[in-house]
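If you want the building blocks of each chain, they are given just below.
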Amino acid sequence: MKCRNCDTDESGSRNGTGTEQKMKKIKVALAGQPNVGKSSIINSMTGARLHVGNFSGVTVEKKEIFIEKDGYEIEMVDLPGIYSLNAYTPEEQVAKKFLYNEDYDLIINVADANTLSRNLIFTFQLMDMQKKMILVVNMIDEVEKQGGKVDRDKLEELLGIPVILTSAKEHRGVDEIVDHVIEVYTSQKPKNKLFYDERIEEQIEKLVKMLHKSPHFKDPDEARFIAIRLLDRDEEVYKVIHDLPIFIELHEMLGQIYRELEMEFDEESTSDILSDERYAMAKALVLKALKKPPKKLTLTDRLDRLLIHPILGLPIFLFFMWLLFQITFEVGSVPMEWIDAAFTEISNTINAVLPAGAIQSVLADGIVPAVGSVIMFLPNILILFLGINLLEQTGYMARAAFLLDGFMKKFGLQGKAFIPLVSGFGCTVPAYMAARTLKNPKDRIITMLVLGFMSCSARLPVYVLLIGAFFPTSHAGNILFIIYISGAILGLIVAKILRMVLFKGEPEPFVMEMPPYRFPSMKALGVELWIKAKLFLKKAGTFIAGASMIIWFLSSYPHDSLLVQSYEAKIEAAIDEAAKMQLQSELAAKELENSYLGTIGKTIEPVFAPLGFDWRVSVATIAGLAAKEVVVSTLATLYAVGDADEKSNTLIERLRENISFKAAVALIVIIMIYSPCIAAMSTFWAEVPQWAWRGFYMVYPNVLAWLMAFGVYNLLGVLGY
Ligand SMILES: Nc1nc2c(ncn2[C@@H]2O[C@H](COP(=O)(O)OP(=O)(O)OP(=O)(O)O)[C@@H](O)[C@H]2O)c(=O)[nH]1
Ligand SMILES: [Mg+2]
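Residues numbered from 1 in each chain as written. Chains lettered and ligands numbered in written order. Predicted model: local features only at pLDDT ≥ 70, side-chain atom pairs only at ≥ 80, totals over all residues.

> What should I look at first to understand the overall build of the protein chain in this one?
Within the protein chain, the secondary structure is distributed over 31 helices and nine strands. Its C-alpha atoms put the protein chain at 105 × 60 × 55 Å along the principal axes. Split into buried and exposed, the 721 residues of the protein chain put 43% on the buried side. For the protein chain, contacts bridging at least 24 residues in sequence account for 74% of all contacts bridging at least 6. (Helix = DSSP H or I, 4+ residues; strand = E, 2+ residues; numbered from the N terminus. Buried ≥ 20, exposed ≤ 12 C-beta atoms within 10 Å, placed from the backbone. Contact = placed C-beta atoms within 7 Å.)

What follows is the structure, encoded as structure tokens:
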């Protein structure tokens with residue numbers, strides 16, 4: 001078996017092999033309830049690196065992985081988790097739309113063996129679609145560890161579809177899946193074994209007959225599915241039949257059927273009747289096919305006694321967060337100094353080896369310090385990501401959301417918003433996507449509007465650099481923690497204001513599944529960190545290096561030969577080395593000020609002057625709109641180009657000489673609040689179609705950032721800094 005795009009980090013694109021024309025294609029939809037291990041199964045089968053986590057709503061967009069075997073090209077589509085075909089949240093809608101509208105050959109329905117009966121309810125809905133289907137019962141390791149057992153043959157016999165027992169964690173059963181896919185694809189579809197109560201079947205039959213009157217529903221399987229979905233009060237399906245010529249007749253018949261069934265079953269809606277039916281079938285099936293593990297107090301129960309304790313829960317959570325930022329700073333700064341020193345050494349070597357000129361300058365003053373200044377924060381970023389990953393993988397994320405629900409509700413946000421907000425500490429782009437798990441559109445837009453205040457990992461380099469330069473090392477970890485917490489608190493306050501002014505009403509009540517605690521897989525953690533490191537280094541080597549070349553060019557040209565000549569004469573006439581050095585520094589500073597960037601900087605300087613920023617910091621701030629690391633690399637380039645002083649070698653020393661403490665704090669405030677990077681902004685645009693919100697989103701964080709920075713700068717001034 002060969003996987004074609006598994007070594008791409010997040011899949012999606014296909015790298016053609018040229019052989020694909022000859023291959024027969026099979027398209028498989030991987031559907032199942034959230035957190036059952038769909039993405040893990042694809043990873044385990046193919047070596048792909050789809051993102052997994054121990055909470056519902058990890059996958060929010062469909063992802064394709066291609067595998068080849070025995071002359072077949074199999075496209076596996078990993079879908080977001082979906083509780084039922086009566087889906088509500090935007091990410092569930094992605095899965096539902098795919099299942100309804102796309103052309104695919106078969107469904108692999110993944111179920112969690114721990115919660116089999118609940119999962120089977122969705123399985124029945126999928127079986128109603130009358131497509132070729134395989135049931136994969138995953139997490140078999142957990143059930144067996146507790147002394148339970150799933151009877152595969154029994155399940156197959158009762159459901160009438162192939163069943164595979166798997167453990168994605170232990171790589172058990174997963175290799176069988178591809179063979180089954182090919183076998184099911186090449187064989188006839190088995191006969192439908194799923195029938196409801198006779199009284200319901202009678203009505204389904206009536207509806208099918210009516211649907212057959214329309215040329216759209218000649219296929220009996222499809223007509224049966226539509227009939228069942230109509231009984232299940234599926235709005236999407238209702239919209240489809242609404243436009244048919246038979247609609248009036250059908251609508252009348254439906255009304256009558258609803259009334260009859262509701263009377264007969266004494267239920268409020270036919271949808272409830274079908275739910276009860278499926279529930280009863282699932283229960284009966286589980287009784288026959290699952291040996292239940294004996295009930296005992298699990299590790300999860302014992303851990304939860306402490307971790308979601310009504311009084312201790314929150315302080316424990318805050319302690320974990322504090323610890324994370326301490327470690328991020330303390331442990332991260334050790335290799336940081338080595339990396340910094342290594343890049344300074346490279347710059348010095350380039351200066352020594354290459355003849356003076358544009359090439360020497362673009363390398364030693366442009367690319368090397370810029371890329372180095374960003375790469376040196378890789379250790380900090382990896383530690384922060386490790387922390388977020390642990391939160392995701394262990395199952396603690398859902399608990400933290402639960403603990404903070406009451407608190408967040410006071411600020412007009414719902415507890416579930418905690419997940420996108422925390423993801424925002426890693427990267428704002430997936431965090432905007434993760435907001436899809438919020439059902440209520442108002443909750444979702446508020447969360448997205450304040451998400452930018454959760455400092456992403458790209459802002460970490462700016463913070464660590466400024467903290468290193470302007471605060472005592474002993475407090476560094478605490479300062480970092482305070483910055484992150486302040487961002488979060490500001491987010492809550494803004495959410496409250498938005499809720500009061502623009503989005504009146506209450507946030508949705510908290511509904512979220514608490515998954516069992518799971519030990520994170522070291523391999524999965526390693527892979528996630530490796531992907532992160534690779535992406536970060538790639539960004540430093542491409543985007544940041546490119547940006548630094550532009551900054552270097554703009555800050556080195558145009559050359560004023562008259563100025564250089566006049567200074568060269570002065571330097572030659574200088575009496576001693578010190579005077580020479582002084583003149584060289586003056587020349588470098590003047591040239592920089594006269595450069596293109598100097599001119600641009602001077603033009604925008606007045607906007608930032610009230611915050612104590614000189615033109616260089618102003619330019620770096622604006623450049624940070626592209627990506628936050630660019631703030632650091634721009635400062636590195638600007639201070640390297642304009643600095644001929646051999647004494648202050650590191651960027652930190654140069655910053656201390658050129659920026660005041662209060663301006664540095666104002667810069668931290670700006671970075672914390674103003675618009676995130678281009679990638680994040682375009683994601684927001686893609687996720688939020690309303691122009692009014694897009695416009696608001698582009699303006700308000702920047703105005704707020706300036707005002708807050710101005711306030712802090714002046715407050716520090718009053719306090720005597
Ligand atoms: N013990 C055990 N854990 C598993 C197994 N498969 C997945 N997991 C864990 O279950 C959690 C959920 O896995 P995912 O692959 O993200 O689940 P998903 O179905 O893709 O979830 P959504 O994308 O949210 O719908 C993760 O913590 C996995 O490590 C398994 O077979 N055994
Ligand atoms: Mg997933």
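What follows picks up the thread again.
> Mind showing me how you'd approach the site of ligand 1 here?
Around ligand 1 sit 27 residues in total, of which Gly37, Val52, Asn54, Thr59 and Gly81 are the nearest. Broken down by secondary-structure element, the contributors of at least two residues to the shell around ligand 1 are helix 1 (38-46) and helix 4 (140-145). When residues of the shell around ligand 1 are assigned to their parent elements, the largest contribution, three residues, is made by helix 1. Among the residues making up the shell around ligand 1, the classes are represented as seven nonpolar, 15 polar and five charged. Residue-level mapping places the shell around ligand 1 at the junction of two domains, with at least three residues from each of domain 1 (2-186) and domain 3 (315-540 + 651-721). (Near = placed C-beta within 6 Å. Nonpolar A, V, L, I, M, F, W, Y, C, P; charged D, E, K, R; others polar. Domains from an automatic or database assignment.)

> Got a minute to help me understand the packing of helix 21 (residues 476-501) against helix 29 (residues 661-673) in this structure?
Geometry of a packed helix pair, given as the angle between the helix axes and the separation of the axes. At a minimum axis distance of 10 Å, the contact between helix 21 and helix 29 shows a crossing angle of 50 degrees. On the basis of their axis angle, the class for helix 21 and helix 29 is oblique. The handedness of the crossing between helix 21 and helix 29 comes out as right-handed. Note on element contacts: helix 29 touches helix 21 through Ile668, Met672 and Ile673, opposite Ile483, Ser486, Gly487 and Leu490. Partitioning the contact of helix 21 with helix 29 into residue classes produces five nonpolar, two polar and no charged. (Axes fitted to C-alpha atoms, helices over the stretch in contact; angles between N-to-C directions. Parallel < 35°, antiparallel > 145°, perpendicular 65-115°, else oblique. Left-handed = near helix turned anticlockwise from the far one by under 90°.)

> Quick question: what am I supposed to make of the nonpolar core here?
Here is a general trend for soluble globular proteins: nonpolar side chains tend to be buried in one another's company. Ranked by size, the top nonpolar core spans 177 residues in total, and within it Leu30, Leu667 and Ile668 carry the most contacts. Sort the elements by how many residues they give to this core and helix 29 lands first, with 11 residues. The two domains that each donate at least three residues to this core are domain 1 (2-186) and domain 3 (315-540 + 651-721). Ile668 has contacts with Tyr463, Leu466 and Ile483, leaving out every residue within four places of it along the chain. (Core = buried A, V, L, I, M, F, W, Y, C linked by C-beta atoms within 7 Å.)

> Sorry if this is basic, but what is going on with unusual backbone geometry here?
Among all residues save glycine, negative phi is the norm, and among peptide bonds the norm is trans. Cis geometry marks the peptide bond from Tyr557 to Pro558, where omega comes out at -5 degrees. Of note, Pro558 is situated in the loop between helix 22 (522-556) and helix 23 (561-573). Positive phi is not limited to glycine here, since Asn35 has a value of about 65 degrees. In this fold, Asn35 is placed in the loop between strand 2 (24-32) and helix 1.

> Is there a simple way to explain helix 29 in this structure?
Spacing of three or four residues puts side chains on the same side of an α-helix, whose turn is 3.6 residues. Between its first and last C-alpha atoms helix 29 spans 19 Å; for 13 residues at 1.5 Å apiece the expected length is 18 Å, and the two agree. Burial analysis of helix 29 places 12 of its 13 residues in the buried class, which makes it a mostly covered element. Of the positions making up helix 29, those classed as buried are Lys662, Ala663, Ala664, Val665, Ala666, Leu667, Ile668, Val669, Ile670, Ile671, Met672 and Ile673. (Expected span 1.5 Å × (residues − 1).)

> Is there a simple way to explain the confidence of the model for the protein chain in this structure?
Predicted coordinates in regions of low pLDDT should not be interpreted in detail. For the protein chain, the average pLDDT comes to 90, and 97% of its residues sit at 70 or higher. Note that pLDDT drops below 50 for residues 11-20; the model gives that stretch 17 contacts with residues more than four away or on any other chain. (pLDDT = per-residue confidence, 0-100.)

> So what exactly am I meant to see when it comes to the sheet that holds strand 6 (residues 132-138) here?
Working definition: the strands of a sheet are paired by backbone hydrogen bonds and lie parallel or antiparallel to each other. Strand order across the open sheet formed by seven strands is 1-3-4-2-5-6-8, with mixed pairing between neighbours. Two strands close off the open sheet at either side, each with one partner strand: strand 1 (2-3) and strand 8 (163-165). Both strand 5 (residues 106-112) and strand 6 contribute to a ladder of seven bridges, which runs parallel. By the bridge assignment, Asn109 is partnered in strand 6 with Leu135. Seen against the sheet, helix 6 (residues 174-186) touches strand 2, strand 3 (63-69), strand 4 (72-78), strand 5, strand 6 and strand 8 and runs at an angle of roughly 160 degrees to strand 6. (Pairing = 2+ DSSP bridges.)

> Quick question: what am I supposed to make of the environment of Ile467 here?
For Ile467, the location among the structural elements is in helix 20 (residues 460-470). Residues Ile467 and Ala664 lie 197 residues apart in sequence; the distance between their C-alpha atoms is 8.9 Å. Residues within four places of Ile467 in sequence aside, it is in contact with Ala476, Ile479 and Leu480.

> What am I meant to see in the pairing of strand 3 here?
Side chains on a regular strand alternate between the two faces of the sheet. Sheet analysis places strand 1 next to strand 3, joined by two bridges and oriented antiparallel. Looking at strand 3, one finds that Cys3 is bridged to Ile67. With seven bridges joining them, strand 3 and strand 4 adopt antiparallel strand pairing. The partner of Phe66 across the bridge, within strand 4, is Glu75. Connecting strand 3 to the next strand, strand 4, in antiparallel fashion are two residues, including Asp70 with a positive phi near 45 degrees.

> What is the right way to read the pairing of strand 4 from this model?
For strand 4, a buried count of five out of seven residues is recorded, marking the element as mostly surrounded by other parts of the structure. Where strand 2 meets strand 4, seven bridges bridge the pair, whose relative direction is parallel. Looking across to strand 4, one finds that Val28 is bridged to Met76.

> How should the packing of helix 13 (residues 313-353) against helix 21 be read in this particular structure?
In the contact formed by helix 13 and helix 21, the axes pass within 8 Å of each other and the chain directions differ by 125 degrees. Viewed along their axes, helix 13 and helix 21 adopt a mutual orientation that is oblique. Our pair here, helix 13 against helix 21, has a crossing hand that is right-handed. Here Trp322, Phe325, Gln326, Thr328, Phe329 and Glu330 of helix 13 come into contact with helix 21, specifically with Ala476, Gly477, Leu480, Phe481 and Tyr484. Partitioning the contact of helix 13 with helix 21 into residue classes produces seven nonpolar, three polar and one charged.

> Even after reading the chapter, I still don't get helix 19 (residues 441-451), so can you show me in this structure?
Burial analysis of helix 19 places nine of its 11 residues in the buried class, the great majority of the element. Of all the residues in helix 19, the buried ones are Asp443, Arg444, Ile445, Ile446, Thr447, Met448, Leu449, Val450 and Leu451. In this structure, the buried residues of helix 19 make contact with helix 17 (418-426), helix 18 (428-434), helix 21, helix 30 (678-687) and helix 31 (691-718).

> Teacher, can you tell me more about the environment of Ser682 here?
Among the secondary structure elements, Ser682 is positioned in helix 30. Judged by the 12 C-beta atoms lying within 10 Å of it, Ser682 falls in the exposed class. Linking Ser682 and Ile327, residues 355 residues apart in sequence, is a C-alpha distance of 32 Å.

> When you look at the environment of Pro461 in this model, what are you seeing that I'm missing?
If you trace the backbone, Pro461 turns up in helix 20. The buried category is assigned to Pro461, around which 25 C-beta atoms lie within 10 Å. For Pro461 and Pro701, which are 240 residues apart along the polypeptide, the C-alpha to C-alpha distance reads 21 Å. Excluding its chain neighbours within four sequence positions, the residues that come into contact with Pro461 are Val374, Phe377, Glu629 and Val632.

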